[in-house]
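Residue-level structure breakdown
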Amino acid sequence: MTDAAMDISAGAFRPGTSDAEIEAAAAKAVTHRRRTVMFWRIAILVAFLALWEIAARLAWIDPFFYAMPSAIAVRLYEWTTEGTSEGPLWYHLYVTMEESVIGFVTGSVAGIIIGVALGRNRMAADIFSIYIKVINSIPRVVLAPIFIMILGLGLASKVALAFVMVFFVVFHNAFQGVREADRAMIANARILGASNWQLTRSVIVPSAMSWIFASLHVSFGFAIIGAIVGEFVGSRYGIGLLINIAKGSFDAAGMYAAIVIVMVVALGAEYLMTMVEDRLAKWRPQPLHETQ
Amino acid sequence: MIHEKTTPAIELINVSRRFLSPTGKSLTALRDFTMTVERGEFVAVVGPTGCGKSTTLNLVTGLASPSAGEVRVMGAPVTGIDPRIGFVFQSDALFPWRTVIENVMAGPLFRGRAKSDATAAARDWLARVGLSRFEQHYPHQLSGGMRKRVALAQTFINGPEILLMDEPFSALDVQTRVLMHEELLRLWSEAKASVVFVTHDLEEAIALADKVYVLTAGPATVKSIYTIDLPRPRVVADIRYEQSFIDYSRTIWADLKEEVETSYARAAA
C-alpha cells in the first residue's frame with residue numbers, strides 16, 4: 001500500500017488535478033501492483049515446473065530419482081480416482097489428518113494451559129524450567145520409535161508424537177506472552193478491582209494471544225510432521241505409509257505426489273488459521289494485518 | 001464515626017522505600033517522606049525525573065509496601081488494594097482488545113456489578129467525557145487525547161474517593177493537554193475526590209493543584225510545600241497569564257531548579 005502511495009506522489013500531477021482523479025490513479029496503481037505480483041508468482045511456478053519437466057525428459061536429471069511433474073500429476077490422478085495400492089487415498093489422508101488434528105488440539109490446549117500457569121507462577125516456573133529445557137532438547141522425532149513401541153501401530157502413537165511436536169512450541173510462546181504482558185495494564189486491572197482469576201482470564205490471556213497465535217501458525221505444520229514421521233516409522237495407514245511404500249518400490253513420482261498432498265493440506269490449514277486469527281484480532285491496528 | 005470524617009484522605013508518615021537491585025545492592029527511592037492529603041484536596045507532586053515520585057503513588061495503592069514508616073488511607077493503614085482508589089497511568093493502560101465501552105465497563109464488572117448496570121453506567125461516563133460516538137471503537141482507532149479520556153472514564157466510573165495520577169498527560173501535545181486539564185478539573189469538582197497528581201511539569205502542577213509538593217533529587221524527600229491560593233473554578237488556558245500564577249511559578253521553580261540541577265549533575269557524573 002505504502003509503496004503504491006509513493007508511486008503516485010512521484011508521478012507529478014498538474015496543478016488543479018482533482019482529488020477524485022488522484023484517488024482513481026491511486027486505485028489503479030494498487031490493482032496494477034497486485035496484478036504484477038500475481039503474474040510473477042504464477043510465472044515463476046510455471047517456469048519451475050516446465051524446467052523440471054524438460055530437464056527430466058531430456059535426461060539432464062535422472063527421472064528415476066527426480067520423477068517429473070507430468071508423472072506426479074498422473075500418479076495423483078490415479079490415486080484420487082483408483083486409489084493407492086494400499087486402499088483409497090482419502091482414507092490415508094483422513095487417518096493422517098485425524099492424527100494431526102487431535103495432536104494439534106491437545107498439544108496446543110495443554111501448551112496454553114501449562115504455559116499460562118507457569119507464566120503466572122514465578123516459583124513453579126523457576127522449578128520446572130530446567131526440566132522443560134531438558135525435555136525440549138530432545139529432538140522430537142527420535143521419540144517416534146519409542147511411542148510406537150509403547151502405544152502400538154495405531155492412532156495413539158502418532159497423536160503422541162504430534163502432541164509433543166506441538167506442545168513445546170505453544171507452551172513457549174504462551175509462557176513468553178504471559179511474561180511480556182504490559183505491567184501498567186496489569187496494575188490498572190488490579191486497581192480497577194480484578195481478582196487474580198479475572199486478571200488471568202481477561203488481561204493476561206488476551207494479551208498473550210498474539211504470541212500464542214504466532215505459535216499456532218507453525219505448530220499445525222509440526223503436528224503434520226509428527227503424524228507423518230510416526231507413520232513412516234510404523235503404521236498401517238496414512239500419508240507417511242504411502243511415502244514409505246513408494247520409497248520401498250523406488251516410485252519417485254509417488255513420493256512427490258504424497259508431498260504435494262501434504263503441502264496442499266498444510267496450506268489450507270494455514271489459511272484457515274489466518275482467518276480465525278483475523279476474526280479474533282480485529283482490535284489490532286491495521287498495519288499488523290498488512291504484514292501478513 | 002465523627003472523627004472518621006475528619007481524618008485526612010492520605011497520610012504518609014516518615015516513609016522509606018528501598019529496592020534491591022539485581023546485583024544485590026539496595027537503592028533508596030524514598031527517605032523520611034511525609035505527606036498529608038486532606039479530603040477533597042488536590043495535591044500536585046513535582047520533582048526531578050526519576051526521583052521517586054511514582055513510588056509514592058504505588059505505596060498508596062498498596063501495589064508496593066513501605067520499607068519503613070506508615071501509609072494510611074482514610075485513617076486506616078494500607079493492607080491491600082483499596083477499592084476506593086482510582087489510578088490514571090502515564091502510559092496507555094487501556095485493554096487494546098476491548099472496545100471503548102468494554103474498557104469503561106471493566107471496573108464495575110470486575111467488582112461484580114450486573115452487566116446491564118455496568119453498560120448503563122459506562123454509557124453515562126462516556127457521555128460525560130464526550131465519547132458517546134466512539135463506544136464501539138477500539139483504543140488504537142482513537143487519538144492520544146481520546147484514549148486519555150477513556151482512561152478517565154474508566155477510573156471515574158468506580159467512584160473513587162482518592163484519585164492518583166502518575167504524569168497522566170505527559171504524552172499528550174500541549175493543546176490537548178490544556179483541554180484535558182479542564183476536563184479533569186470539571187470531573188474532579190463533581191466527584192469531590194482527593195487527588196495526588198504526580199508531574200514534572202511545574203505549570204501543570206500550579207494550574208491544577210491546591211498544594212504543590214516539591215521533592216528533592218533521589219532519594220526523594222519533601223523539600224517544600226506551597227499552597228496555591230488561586231480562585232476556583234480555574235480556566236487553565238488563561239490562568240497561566242495571571243500575575244499571581246507567574247509569581248508562584250518563579251518562586252517554586254527557583255526551589256525546584258536546584259534539585260533538577262543536582263539530579264542532572266549526578267546523571268552526568
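Residues numbered from 1 in each chain as written. Chains lettered and ligands numbered in written order. Predicted model: local features only at pLDDT ≥ 70, side-chain atom pairs only at ≥ 80, totals over all residues.

1. Looking at the interface of chain B and chain A
The condition that has to hold: We call two residues in contact if the C-beta atoms placed from their backbones are at most 7 Å apart. In this description a helix means any DSSP run of H or I spanning at least four residues, a strand means any run of E spanning at least two, and both kinds are numbered starting from the N terminus. Charged residues are taken to be Asp, Glu, Lys and Arg, nonpolar residues to be Ala, Val, Leu, Ile, Met, Phe, Trp, Tyr, Cys and Pro, and polar residues to be all remaining types, Gly included.
With 20 residues of chain B at the contact, the number on the chain A side is 14 residues. Only strand 6 (85–88) and helix 3 (100–110) of chain B provide two or more residues apiece to the side of chain B that touches chain A. A per-element tally of the side of chain B that touches chain A places helix 3 of chain B first, with three residues. A breakdown of the residues in the side of chain B that touches chain A according to their chemical character gives 13 nonpolar, six polar and one charged.

2. Focus on helix 11 (residues 239–248) of chain A
Put simply, the test is: Partly exposed residues are those whose C-beta has more than 12 but fewer than 20 other C-beta atoms within 10 Å; with 20 or more the residue is buried, with 12 or fewer it is exposed, and the C-beta atoms are placed from the backbone.
Of the positions making up helix 11 of chain A, those classed as buried are A:Ile239, A:Gly240, A:Leu241, A:Leu242, A:Ile243 and A:Ala246. The first or second residue beyond helix 11 of chain A is A:Phe250, which carries a positive phi of 50 degrees.

3. Describing the sheet that holds strand 6 of chain B
Residue and element names in this part refer to chain B. What counts here: When DSSP locates at least two bridges between a pair of strands, those strands are taken to pair. The axes are straight lines fitted to the C-alpha atoms, using for helices just the contacting stretch, and the angles between their N-to-C directions are given from 0 to 180°.
Read across the open sheet, the six strands follow the order 6-7-8-3-9-10; overall the sheet is mixed. Looking at strand neighbours, the two that pair on one side only are strand 6 and strand 10 (222–227), the edges of this open sheet. Here the strands of the sheet are splayed against their neighbours by 15 degrees on average, with no regard to which way each runs. Two strands pair when backbone bridges link them, and strand 7 (residues 162–166) and strand 8 (residues 194–199) are joined in this way by five bridges, in the parallel orientation. In the sheet register, Leu163 faces strand 8, and the bridge partner there is Val195. Together, strand 3 (42–46), strand 9 (211–215) and strand 10 form the strand contacts of helix 9 (residues 243–268), whose direction differs from that of strand 10 by roughly 175 degrees.

4. A closer look at the environment of A:Val170
Residues and elements named next belong to chain A. Structurally, Val170 can be placed in helix 8 (residues 155–179). A sequence separation of 46 residues divides Val170 from Leu216, and the C-alpha atoms of the two residues are 6.6 Å apart. Once residues lying within four places of it in the same chain are set aside, the contact partners of Val170 are Gly107, Ser108, Gly111, Ile112, Gly115, Ile212, Ser215, Leu216 and Ser219.

These figures come from the coordinates and say nothing about function on their own.
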